[in-house]
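Reading the structure
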Amino acid sequence: MRFVAAERGAADVQGLVVFARPVAIEGGLAPLLPRFQIGGALSTNGKTSHVHAGFNWTFDVTQKVFVEASLGGALHDGKTARPAPVDRNAMGCAGAFRESVGIGYRLDGNWSVVASLEHLSNAGLCKSNRGLTNLGVGVGYRF
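A few points on the structure. (Residues numbered from 1 in each chain as written. Predicted model: local features only at pLDDT ≥ 70, side-chain atom pairs only at ≥ 80, totals over all residues. Heavy atoms only, no water.)

As for the overall build of the protein
Tallying secondary structure elements over the protein gives 0 helices and 8 strands in all. Taking all 143 residues of the protein together, the buried fraction comes to 36%. At a minimum sequence separation of 6, the contacts of the protein that also span at least 24 residues come to 50%. Only carbon and sulfur atoms are counted for the fraction: they give 66% of the accessible area of the protein, which is about 8,300 Å². (Helix = DSSP H or I, 4+ residues; strand = E, 2+ residues; numbered from the N terminus. Buried < 20%, exposed > 50% of the residue type's maximum accessible area, 1.4 Å probe, protein only. Contact = heavy atoms within 4.5 Å. Areas by Shrake-Rupley, 256 points an atom, 1.4 Å probe, with all protein chains shown as cover.)

Overview of the layout of surface pockets
If you add up the space inside the largest pocket, you get close to 1,000 Å³. Surrounding the largest pocket, 29 residues form its lining, V18, R35, S112, Y141 and R142 being those nearest its centre. Contributing elements (two or more residues each) for the lining of the largest pocket: β2 (10–18), β4 (50–60), β5 (65–76), β7 (111–121) and β8 (132–141). By residue number, the principal contributor to the lining of the largest pocket is β2, which donates 5 residues. Here the lining of the largest pocket is composed, by residue class, of 13 nonpolar, 8 polar and 8 charged. (1 Å grid on protein atoms, 1.4 Å probe; cavity = no way out; pocket = protein on both sides within 12 Å on 5 of 7 lines; lining within 4 Å. Points joined across faces, edges and corners; volume = space filled by probe spheres on them. Nonpolar A, V, L, I, M, F, W, Y, C, P; charged D, E, K, R; others polar.)

Considering the pattern of salt bridges
Applying the stated rule across the entire model yields 2 salt bridges. Close ionic contact of R106 with D60 constitutes a salt bridge, the shortest N to O distance being 2.7 Å. Taken together, the residues R106 in strand β6 (residues 95–106) and D60 in strand β4 connect sequence positions 46 residues apart. Given a relative accessible area of 53%, D60 falls into the exposed group. With a closest N to O distance of 2.7 Å, R98 and E118 form a salt bridge. On the criterion of sequence distance, the pair formed by R98 in strand β6 and E118 in strand β7 is long-range, its members being 20 residues apart. Taking relative accessible area as the criterion, E118 reaches 4% and is therefore assigned buried. (Salt bridge = Lys/Arg side-chain N within 4 Å of Asp/Glu carboxyl O.)

Put into structure tokens, the structure is as follows:
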């Protein structure tokens, strides 16, 4: 779960599942093969929530430190029309692209902590494109 700030002070609870790579690749090429991920964020104060799916890449910096990036799509329940209420973003349409980056630290073989930055936007494909940018800290568990 990740607790992130969205739409000026809203707190979200986010869940994310990142699947194993479908094919075992030996050597340095393994990080280039993306892993499928699905997740979602629930706003705790009635602002924009979303579900997302896409691909995740993880690169080891050391045995303990890693960086990750993801790219995919999202569906949200945010305001799509203009003007949006003062405390909400005019998202333009319900579909959005989602990208994220993070830096993590492995506590042991199963547990890690990750600081992440996430952005949702329709890339100008709709009339409005305010988007959302969330900053968060998460705890991960590897099965």
